[in-house]
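Given next are the chains, with one letter for each unit.
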Amino acid sequence: MSAFERAKRVLAGGVDSPVRAFGAVGGDPVFIARAEGARLYDIEGRRYIDYVGSWGPMIAGHAHPRIIEAIREAAARGTSFGAPCEAETLLAEAVIERFPAIERLRFVNSGTEATMSAIRLIRAATGRERIIKFTGGYHGHSDSLLVAAGSGALTFGVPSSPGVPAELARLTLTLPYNDLDAVRRVFAAQGDDIAGIIVEPVAGNMGCVPALPGFLEGLLEAAHQAGALVIFDEVMSGFRVAPGGAQGLFGLRPDLTTLGKIIGGGLPAAAFGGRAELMDLLAPTGPVYQAGTLSGNPLAMAAGLAALELTTEPGFYSRLEAATRRLAMGLAAAAKRAGVALTINQVCGMFSVFFTANPVHCHADVVAADAARYASYFHAMLEAGVYLAPSAFEAAFVSGAHTGADLDATLTAAERVFTRLA
Ligand SMILES: *Cc1c(COP(=O)(O)O)cnc(C)c1O
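Residues numbered from 1 in each chain as written. Predicted model: local features only at pLDDT ≥ 70, side-chain atom pairs only at ≥ 80, totals over all residues. Heavy atoms only, no water.

## Looking at the overall build of the protein
Per the secondary structure count, the protein includes 14 helices and 18 strands. Once the C-alpha set of the protein is aligned to its principal axes, its extents read approximately 55 × 55 × 50 Å. Residues counted as buried form 55% of the 422 residues belonging to the protein. Long-range pairs, those at least 24 residues apart, make up 70% of the contacts in the protein with a sequence separation of at least 6. Counting only carbon and sulfur atoms, one obtains 54% of the accessible surface of the protein, whose full area is about 17,600 Å². Charged side chains in the protein number 34 positive and 40 negative. The centres of these two groups are separated by 5 Å. (Helix = DSSP H or I, 4+ residues; strand = E, 2+ residues; numbered from the N terminus. Buried < 20%, exposed > 50% of the residue type's maximum accessible area, 1.4 Å probe, protein only. Contact = heavy atoms within 4.5 Å. Areas by Shrake-Rupley, 256 points an atom, 1.4 Å probe, with all protein chains shown as cover. Lys, Arg positive; Asp, Glu negative; His and termini not counted. Charge placed at Lys NZ, Arg CZ, Asp CG, Glu CD.)

Structure, rendered in structure tokens:
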């Protein structure tokens, strides 16, 4: 019996997060035995150059000795206390140092919890219930955020999963990403009812789709004029596109920020934070309830702190940006030589390839690209020892552990694959 068949007997769908099942590209998932640096090793002993990086957290590469040592030291002192520990304060200080818009924060265990709690906070702060999100934006799977666009931009959202109450989904308006006019129209029509906007300032969950110049500035302005608040969901982009996330890159200050992935150094940790007066609405200082048995877990705090320290090595982000750019430009050139239409979006250490000749600025552009061709590319690259996201709607991540030789090997494989795809 294969590992996947055995898993399917006891785990729902054989996995603990749906994309891992390879449903979008076909075939059975690879089961990982261990990982080190830029490499994954499967249970059959095959080796892959990894561009998933656990979906973002592994910015320093897998099993980095400094992170492993930090976890080992923390574990020896006890794995959970259910009482404050100093590591929480240390990691909070390290985050606040990088994000000027965050004065106070709270740690949680997943990005889903961070965004869910941030939405509760903006609803409480404004006394309003409606929120705006963007099509193709993913903010975890809490009920208010698992909502698709209704028909027409000014209609209410519909649940994008059975089990999400329609009553709740109706409070979530879904608009096209990078469409500032749509946002302005909604505020003009019902600004008094809108608590705020949640947005990925560099979208990563429909593939990498950066905000166009002026879009985020316009969101902040439209929201603030209407007395609404803006959450930058930087669970993916935080510490990835710049030390201070997309807001650091663009020089913007959202009201609240959600962080995850890299912040836990590969262990489960996430956070939300912002101005002190907003964050002080949370219990125990304020009335907005939010809690967590394992929140601020000492192992996760130690791993996160070690990961952030690794990114402060001189030139870390410029090397990451240069490596990722080299890969993206190499892929574009190889596709061109093979006559394969390819558009690449890249922001520092993340990028996506879209099999289309057109620019990709929103979800409609993403779904217009050739997903079947991505599936062929994915399988051919996997065969060649390169592990990419098993879905056309995801970003790829480069880490500090990817060497020039890794990038060369990836480009050589891609050159052959594109020629076959053409
Ligand atoms: C991954 C992600 C989430 C959800 O985080 P989980 O830890 O998987 O719950 C939320 N928002 C964004 C932008 C993400 O990339």
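## Side note on the pairing of strand 9 (residues 194–199)
If a strand is regular, its side chains alternate between the two faces of the sheet. The buried fraction of strand 9 amounts to six of the six residues, a majority that puts the element mostly inside the structure. Bridge analysis of strand 5 (residues 130–134) against strand 9 gives three bridges, and the strand direction is parallel. Pairing of I131 across the sheet is with G196, part of strand 9. Pairing between strand 9 and strand 12 (residues 229–234): four bridges, direction parallel. Counterpart to V199 in the pairing with strand 12 is F232. (Pairing = 2+ DSSP bridges.)

## Brief notes about the sheet that holds strand 4 (residues 104–108)
Here seven strands make up an open sheet; going across it, the order is 4-14-13-12-9-5-8 and the pairing mixed. Only two strands of the sheet have a single partner each, and these edge strands are strand 4 and strand 8 (172–175). In this sheet, neighbouring strand axes are inclined to one another by 20° on average, regardless of whether the strands run parallel or antiparallel. By the bridge criterion, four bridges tie strand 12 to strand 13 (residues 256–259) in an arrangement that is parallel. When the bridges of strand 13 are listed, D233 appears paired with T258. Sheet strands in contact with helix 3 (residues 86–98) are strand 4 and strand 13, and its direction is about 125° off that of strand 4. (Axes fitted to C-alpha atoms, helices over the stretch in contact; angles between N-to-C directions.)

## Some details on the environment of S144
Turning to its location among the elements, S144 is positioned in the loop between strand 5 and strand 6 (147–148). Of the residues examined, S144 reaches a relative accessible area of 9% and is grouped as buried. Taking the C-alpha atoms as reference points, S144 and V183, separated by 39 residues in sequence, lie 19 Å from one another. With sequence-adjacent residues up to four places away left out, S144 is seen in contact with R123, I131, L168 and T172. A polar contact of 3.1 Å, which involves the side chain of S144, links it to the side chain of R123. (Polar contact = N/O pair within 3.5 Å; in protein donor to acceptor, adjacent residues only side chain to side chain.)

## Some points on the side chain of S117
One can find S117 in helix 4 (residues 111–126). Residues contacting S117, with those up to four places away along its chain left out, are F272 and Q290.

## Let's talk about the site of the ligand
For the ligand, the full set of nearby residues is S110, G111, T112, Y138, H139, G140, E200, N205, D233, V235, M236 and K261. T112 is positioned such that a nitrogen or oxygen atom in its side chain is 2.7 Å from an oxygen atom of the ligand. One of the backbone N or O atoms of Y138 is found 3.2 Å from a nitrogen atom in the ligand. Starting from 380 Å² of accessible surface for the ligand in isolation, the protein chains cover 83%. For the shell around the ligand, the class distribution of residues is three nonpolar, six polar and three charged. (Near = heavy atom within 4 Å. Nonpolar A, V, L, I, M, F, W, Y, C, P; charged D, E, K, R; others polar.)

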